[in-house]
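So the chains spell out like this:
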Amino acid sequence: MRVAASQLSLATTTAPAHRRRRAPAPPTAAPRPPPKALAAILRSRVIACLRAQDGETALQAAHAAVRGGVTVLEVVMTTPGVLEVIEDLCRSYPSLTFGVGTVLNVADARKALGAGAQFLMSPGTVLDILHDLKQSNVLYIPGVLTPTEVLSACSAGAEVVKVYPASVMGGETYMSALKKPFPLVPMVASQGIKIGSIKGYMEAGASAVVLSDTIFENQLMRDGKFSEISELANLATLEALQFTK
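What you see is a predicted model; the values in this text were computed from it and never measured.

Bringing the confidence of the model for the chain into the picture now. With 87% of its residues at a pLDDT of 70 or more, the chain has an overall mean of 91. This stretch, residues 1-15, has a pLDDT under 50; its non-local contacts, to residues over four places away or in other chains, come to one contact.

What follows is the structure in structure tokens.
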């Protein structure tokens, strides 16, 4: 009788199977779509990189580059008045893509975002910036140089990396060697790249190149010869156009 009683007690305290309900699974967040700046960079193949001694020169040089066909342009953070320049460019050319380069900390990153920057670049990988922008629609392009740095940046969430400094490490040859283990990682080659070497970098696996003094030649900037800057920008964009997907 004691066995039967214990079985009866168990039966009366166990809920019928059809009445048990599983807790609903928590909703999963939808994956963030790729930032629009990434598509713009992959489409243009050229990022014009502008540094200037003052904001007015930077603004005139940027307008000149746009007249030459540049559609993606960054202004380095050390340029005086960089935030005002970015604000002006975003207002003047809402369909183009503007960013800030040489961003070294989160405070500067947030200032650039406030000015309207659509992408940020650094010479190395600043993890604090990468994490801060993870759910943002602003693209962060960290700098890398070695396979270990590529792996670390991608593991932390980078969608594209900047190979810097490219030319002093061997240029197109180094670009090709670094790209081989990472065929699916978009890489932007930066530093010392000339218009005539765009083709070589593209064939080596670069998704885009950063052109700085090649477009914004120092003497032309000092002399205010902005029409010649437009011509250099046009030559660069035409050279890259043959690799546009």
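On to unusual backbone geometry. Tyr-164 connects to Pro-165 through a cis peptide bond whose omega is -5 degrees. Along the polypeptide, Pro-165 turns up in the loop between strand S7 (161-163) and helix H8 (172-179). Unusually for a residue other than glycine, Arg-45 sits at a positive phi of about 70 degrees. Within the element layout of this structure, Arg-45 appears in the loop between helix H2 (36-44) and strand S1 (46-50). For Arg-45, a relative accessible area of 8% corresponds to the buried category. Positive phi, close to 55 degrees, is recorded for Thr-102, a residue that is not glycine. Among the structural elements, Thr-102 can be located in the loop between strand S3 (97-101) and helix H5 (106-115).

Conventions and cut-offs
- In this numbering scheme, every chain counts its residues from 1 along its sequence in written order.
- Selection of residues for local features in this predicted model requires a pLDDT of at least 70, selection of side-chain atom pairs for listing and counting requires 80 or more, and totals for whole chains, interfaces and linings are taken over all residues.
- Note that the side-chain values use all heavy atoms of the structure and ignore hydrogens as well as water.
- Residue-level confidence of the predictor is what pLDDT reports, using numbers from 0 through 100.
- Only heavy atoms enter the contact rule, under which two residues are in contact if any of them lie within 4.5 Å.
- Each helix corresponds to a stretch of at least 4 residues labelled H or I by DSSP, and each strand to a stretch of at least 2 residues labelled E; elements are numbered beginning at the N terminus.
- Burial classes: relative accessible area under 20% of the type maximum marks a residue as buried, over 50% as exposed, and values in between as partly exposed (1.4 Å probe, protein chains only).

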